[in-house]
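Fold and geometry: a report
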Amino acid sequence: MRIFSGIQPSGTPHLGNYLGAIKSWVETQNSEAYFCVVDLHSLTMEIDPKTLRNQRLELSASLFACGLDPEVCTLFVQSEVPFHAQLNWLLECVASYGELTRMVAFKDKSSRQEAQRASLLTYPVLMAADILLYDTDRVPVGDDQKQHLELTRVIAERFNNRYGQTFVIPEFSKPAFAARVMDLQDPTRKMSKSVSSPLGKLEIFDSPAEIEKKIKKAITDTDGEMRYDWELKPGLANLLDIYASFAGETPDQVASKFTRYGDFKTALAQLVIESLAPIAERYNALMTDRSELERFMRRGAEKASSVSEVVYARAATAMGLN
Ligand code: AMP
Ligand code: TRP
C-alpha cells in the first residue's frame, strides 16, 4: 500500500494537524509511505524567507518527534525533489481554470488576502503532482483536503484518458474522529495555523499551563449536558473528538464518563498534556543535532527522487516531451 501525504512548514503544527493527519501517518507508516514537508506550498502566502528556511527543518524534526521513523518511512522536503514542480506544469496543462476557482480553500484564502498570488489558485495542481508522482494508493489527510483530493483524482483520470494509462488513482483517507478539529474559540471554523487566534489554536509544543488555559476557556454551551452532538453542541463535540482521538475511545463513550463540563475539561487538559509531553522532549533532543537531521532529510529526498523520477518520465513521455 503506497501512502503519501504532506504538510506545510508555515508554523508549529496544531491539534488539527496532529489528530487530523500526523497521528495516522505515524500509525500507518511502512516502507511504502512517503511524507512531505511541502515548502513550495507555503510560498502561496506571504512568508518571511528566514522563517521558511528554519521551519523546513523544524517541522521535519517535529514529525520525527511525533513518531515518524526514518528507518521505516520516507520523509523529505518538497523543493529538494525537482519533479514536483516539473509535474505541476504538465498537470496545469490538464486541469482547467474553472475547476480551480471552485476550490473552497481558494475562495476562503483569496477572500482574506490583499495581494493574491497566482499560486494560491494553482496550488491544488501542485498537490496533485505531489500525490501522483508516487503512484499513491492512499492519502491520509484531514477533512479539509477532501475536495483537493477529488480534484487530484479528476486530473489523473483525465490525463489517463487523454494520454494513456499513466497515474494510479489515489484514495482519500481520514481518521474516524477529529478529522476536522475546530477552533477552540469558534467551533464553526476549523483550527488553522494562519487564521485562528492564540486561544483558538492549541499547538503541539504549548506548555502545560497554556494547554490548561486554552481548554478551560474553550467555548462550549450553557445547557450543561454531556452529549456528543455536532449540530447543537459543536464546541463540546469538538472537545469530545479530541479526547476520543487521544484516548482511542469513541466520543459517545467519553461523554458517558463525565457529568460536568468542568471535570471533563480538567481530564481533557491532563490527557493532552500527557500525550504531547514526550513529543516535545523528543523534539528538543533531535534539534541538538541538526547535522543528523539534515542527513535524514537528504536521504529522504534521494529516496523520493528515485521513485518520482520514473513517474515523471512516464508522464512526460506520454505527453510527447520525450
Ligand atoms: P496544513 O497545515 O494545511 O499543511 O495541513 C496539514 C494536514 O493537517 C492536512 O492533512 C490537513 O488536512 C490537516 N489539518 C489541517 N487543519 C486541520 C484541522 N483543523 N483539523 C483536522 N485536520 C487538519
Ligand atoms: N494542501 C495540503 C494542506 O494545505 C498540504 C499538501 C500539499 C498535501 N501536498 C499534499 C497533503 C499532498 C496531502 C498530499 O494541508
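What comes next concerns the included structure. (Residues numbered from 1 in each chain as written. Chains lettered and ligands numbered in written order. Predicted model: local features only at pLDDT ≥ 70, side-chain atom pairs only at ≥ 80, totals over all residues. Heavy atoms only, no water.)

**Focus on the pairing of strand 1 (residues 3-7)**
Along strand 1, four of the five residues are buried, which leaves the element largely enclosed by surrounding structure. In terms of strand pairing, strand 1 meets strand 2 (residues 33-37) through five bridges, oriented parallel. Bridged to Gly6 within strand 2 is Cys36. Running through helix 1 (residues 15-28), the crossover from strand 1 to the neighbouring parallel element strand 2 is right-handed. (Buried < 20%, exposed > 50% of the residue type's maximum accessible area, 1.4 Å probe, protein only. Helix = DSSP H or I, 4+ residues; strand = E, 2+ residues; numbered from the N terminus. Pairing = 2+ DSSP bridges. Right-handed = clockwise from strand over helix to strand, strands pointing away.)

**Let's talk about the site of ligand 1**
Taken together, 19 residues lie near ligand 1, and Gln8, Gly142, Asp144, Val181 and Lys193 sit nearest. The contact in question runs from a nitrogen atom of ligand 1 to an N or O atom on the backbone of Gly16, over 3.0 Å. Lys193 has a polar side-chain atom sitting 2.7 Å from an oxygen atom of ligand 1. Coverage of ligand 1 by the protein amounts to 91% of the 480 Å² it exposes when considered alone. Counting residues per element, the ones that place at least two in the shell around ligand 1 are strand 1 and helix 1. Per-class residue counts for the shell around ligand 1 are seven nonpolar, eight polar and four charged. (Near = heavy atom within 4 Å. Polar contact = N/O pair within 3.5 Å; in protein donor to acceptor, adjacent residues only side chain to side chain. Areas by Shrake-Rupley, 256 points an atom, 1.4 Å probe, with all protein chains shown as cover. Nonpolar A, V, L, I, M, F, W, Y, C, P; charged D, E, K, R; others polar.)

**Here we look at the site of ligand 2**
The local shell around ligand 2 holds 13 residues, among which Gln8, Tyr123, Met127, Asp130 and Gln145 are the closest. Interatomic distance of 3.1 Å between a side-chain N/O atom of Gln8 and an oxygen atom of ligand 2. Its free accessible area being 360 Å², ligand 2 has 90% of it covered by the protein chains. Going through the elements one at a time, strand 1 and helix 7 (118-132) are the ones with two or more residues in the shell around ligand 2. Looking at the shell around ligand 2 element by element, the count peaks at four residues for helix 7. Its residues assigned to classes, the shell around ligand 2 shows seven nonpolar, five polar and one charged.

**Remarks on the pattern of salt bridges**
Scanning the entire structure with this criterion turns up 23 salt bridges. Here Lys233 and Asp221 are joined by a salt bridge, their closest N and O atoms 3.1 Å apart. Within this pair, whereas Lys233 is found in the loop between helix 9 (208-216) and helix 10 (234-247), its partner Asp221 is found in the loop between helix 9 and helix 10, the two being separated by twelve residues in sequence. For Asp221, a relative accessible area of 22% puts it in the partly exposed group. Where salt bridges share partners, they join Asp39, Arg56 and Glu80 into one cluster. (Salt bridge = Lys/Arg side-chain N within 4 Å of Asp/Glu carboxyl O.)

**Structural notes on the environment of Leu276**
Residue position: Leu276 is located in helix 12 (residues 261-287). Considered as a pair, Leu276 and Phe177 are 99 residues apart in the sequence and their alpha carbons are 18 Å apart. Contacts of Leu276, omitting those with residues within four sequence positions, involve Leu202, Glu203, Ile204, Ile211 and Phe246. (Contact = heavy atoms within 4.5 Å.)

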